[in-house]
Amino acid sequence: MHTATATPRHQPVRASLAAFVGTMIEWYDFYIYAMASALVFGKLFFPTTNGFYGTLASFGTFAVGFLARPLGGAVFGYIGDRVGRKKSLVVTLLMMGSVTVLIGLLPTYASIGVWAPVALVALRFIQGIAVGGEWGGAVLMASEHSPDRSRRTFLASFAQLGSPAGLILATLMFKLVSGLDNAVFLDWGWRLPFLVSALLLAVGFAIRLSVQESPDFLAEQARRASLPARSAKPESAPLGQVLRGAPGLLALAIGANVLGIAGFYFTNTFMLVYTTQYLQLQRALVLNCLLVVSVMQFFITPLAAYLARRIGNHRFLVSVAALSVLSPYAMFWLVDMGSLTTVTLGVGVAVLFIGAYYAVIAGFVSEAFPTRIRYTGISMAYQVSGAIFGGLTPLLGTVLAEKFQGHWWPLALLFSGISLLSMLCVSRLGAQHERLVAPSARAQEV
């Protein structure tokens, strides 16, 4: 009897911890690739006499991971909605960790020629599929273990907390190896952050196995089992239900996620290129800046989730997105001064609002979809947004930086556009949420 009562009481904490650790590992894997794209892959896998084209090709492989993420969202969304959240998350973690280690062992262009970038793109594609299935499941495992609905967004923020934590680990690892001689760094030093993923994978796998299945998913399974057998056509796949049921809702959810994804890769991936290649700042200085900013975001995440719970998720998200529209002008003005303090303050201004927005958007969007298609719904919204806006933002930023060298205002306008799009979509999503989804969700629960 003691175990039966103790387990539910501890499961919300355990589920939140598992969501945090699991997403931290997966985002660590994703971010070290992003940093290697900015600092290493252009030289080692896409050698060219022009650094701009090498960087562009490297960011092209970065974008491939985003293009694969909707496929991962669809595949693992189906598994998560039909087979179970937990089973889906165990598979995505194993996929991600294994692929990351293989990237760390991959021969370069100098060793095997064109097969090196081909293999890199293939591994990046698999990595994208794994991340595409991971995020939605982690958010739901945390939020759906909540003992009451009012705490769901706050618990979902623990999955979001894994993003800055993963970035902190990734930045520390690259800061460590960046201290090596440049020739050593390009030879084998850059591989160490990828190989360390094997140790993180073992820890994450053990924690994830200790969490029980989502109560909401078990309740949905029980509901399905209680329905009489139907000779009519069977229930369609979750993705089909999402696309046919409320395509407008899905489009708004995609747009609502843009700031948390594209804005983040603007500040943490593209800004690496902008500061090191166009402002000629030292790599170590920029990595120090990103480390400080990542720690800041780590603490912003729970504070933002708590504040949003007090004033309302919708109002909070609209306000933060509106402030984010203005933030890039302060960011670039400060970054162009070139010192560690001003670069950190500049990027920190933008990340302050991005981090606060990112902390809350997952729980806000997940509530828009009923349980039976929730994993697929939020995964597709997030991953399609990432495929269109996340992967292309560093590419577009690099093109603009090259075309308008010496002028940062086109880059600031790009960032403002990203923020404005999310602000408008969140406004519409909040207004339409009850009308589009809540009635059908209540009908299913009756």
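Residues numbered from 1 in each chain as written. Predicted model: local features only at pLDDT ≥ 70, side-chain atom pairs only at ≥ 80, totals over all residues. Heavy atoms only, no water.

(A) Examining the overall build of the protein chain more closely. Along the backbone of the protein chain there are 20 helices and zero strands. The long-range fraction of contacts in the protein chain, counting pairs at least 24 apart against all pairs at least 6 apart in sequence, stands at 86%. For the protein chain, the accessible surface area stands at approximately 17,300 Å², while carbon and sulfur atoms represent 70% of it. (Helix = DSSP H or I, 4+ residues; strand = E, 2+ residues; numbered from the N terminus. Contact = heavy atoms within 4.5 Å. Areas by Shrake-Rupley, 256 points an atom, 1.4 Å probe, with all protein chains shown as cover.)

(B) The arrangement of helix α3 (residues 85-104) in detail. Taking 1.5 Å of rise per residue, 20 residues should cover 28 Å, and α3 covers 29 Å from first to last C-alpha, within 8% of that figure. All of the buried residues along α3 are R85, S88, L89, V90, T92, L93, M96, G97, V99, T100, I103 and G104. (Expected span 1.5 Å × (residues − 1). Buried < 20%, exposed > 50% of the residue type's maximum accessible area, 1.4 Å probe, protein only.)

(C) Layout of the packing of aromatic side chains. Enumeration over the complete set of coordinates arrives at 22 aromatic pairs. With a centroid separation of 6.5 Å and an interplanar angle of 75 degrees, the aromatic rings of F174 and F185 are classed as edge-to-face. With F174 in helix α6 (residues 152-178) and F185 in helix α7 (residues 182-187), this pair connects stretches of sequence that are eleven residues apart. The two residues F174 and F185 agree in class, both being buried. Measuring from centroid to centroid gives 5.2 Å for F266 and F270, while their planes differ by 55 degrees, and the two rings are tilted. Placement of the pair is F266 and F270 together in helix α13 (residues 258-278), with a separation of four residues, close to one helical turn. Grouped by ring-pair contacts, the aromatic residues F266, F270, Y274, Y329, F332, W408 and F415 constitute a single cluster. The residue whose ring lies beneath R124 is Y33, and the NZ or CZ to ring-centre distance is 4.2 Å. Over the ring of F404 we find K403; its NZ or CZ atom is 5.8 Å from the centre of that ring. (Phe/Tyr/Trp six-rings, centres within 6.5 Å; stacked < 30°, edge-to-face > 60°. Lys NZ or Arg CZ within 6 Å of the ring centre and 35° of its normal.)

(D) How the structure looks around the pattern of salt bridges. In this structure the tally under the stated criterion is five salt bridges. For E144, the salt bridge identified is with R85, shortest N-O distance 2.8 Å. Pair noted here: E144 is in the loop between α5 (115-143) and α6 and R85 is in helix α3, with a separation of 59 residues, a long-range link. A relative accessible area of 0% places R85 in the buried class. Between R374 and D216 there is a salt bridge, with its nearest N and O atoms 3.3 Å apart. (Salt bridge = Lys/Arg side-chain N within 4 Å of Asp/Glu carboxyl O.)

(E) Main features of the packing of helix α14 (residues 283-311) against helix α15 (residues 313-335). Between α14 and α15, whose axes approach to 6 Å, the crossing angle comes to 120 degrees. What the angle tells us is that α14 and α15 run oblique. Here α14 contributes A304, L307, A308, R309 and I311 to the contact with α15, which in turn contributes N313, R315 and F316. Residues belonging to the contact of α14 with α15 are distributed by class as follows: five nonpolar, one polar and two charged. (Axes fitted to C-alpha atoms, helices over the stretch in contact; angles between N-to-C directions. Parallel < 35°, antiparallel > 145°, perpendicular 65-115°, else oblique. Nonpolar A, V, L, I, M, F, W, Y, C, P; charged D, E, K, R; others polar.)

(F) Spotlight on the side chain of E134. You can see E134 is positioned in helix α5. When near neighbours in sequence (up to four residues on either side) are disregarded, E134 contacts G22, T23, E26, L89, T92 and R208.

(G) The environment of R69, seen in detail. Here R69 lies in helix α2 (residues 51-82). A relative accessible area of 0% places R69 in the buried class. Distance in space between the C-alpha atoms of R69 and Y382 is 8.9 Å, their sequence separation being 313 residues. Setting aside chain neighbours within four positions, we find R69 in contact with W27, F30, G128, V131, G132, Y265, Y382 and Q383. Reaching out from R69, the side chain makes a polar contact with the side chain of Q383 at a distance of 2.6 Å. (Polar contact = N/O pair within 3.5 Å; in protein donor to acceptor, adjacent residues only side chain to side chain.)

Read these as geometric descriptors, not functional statements.
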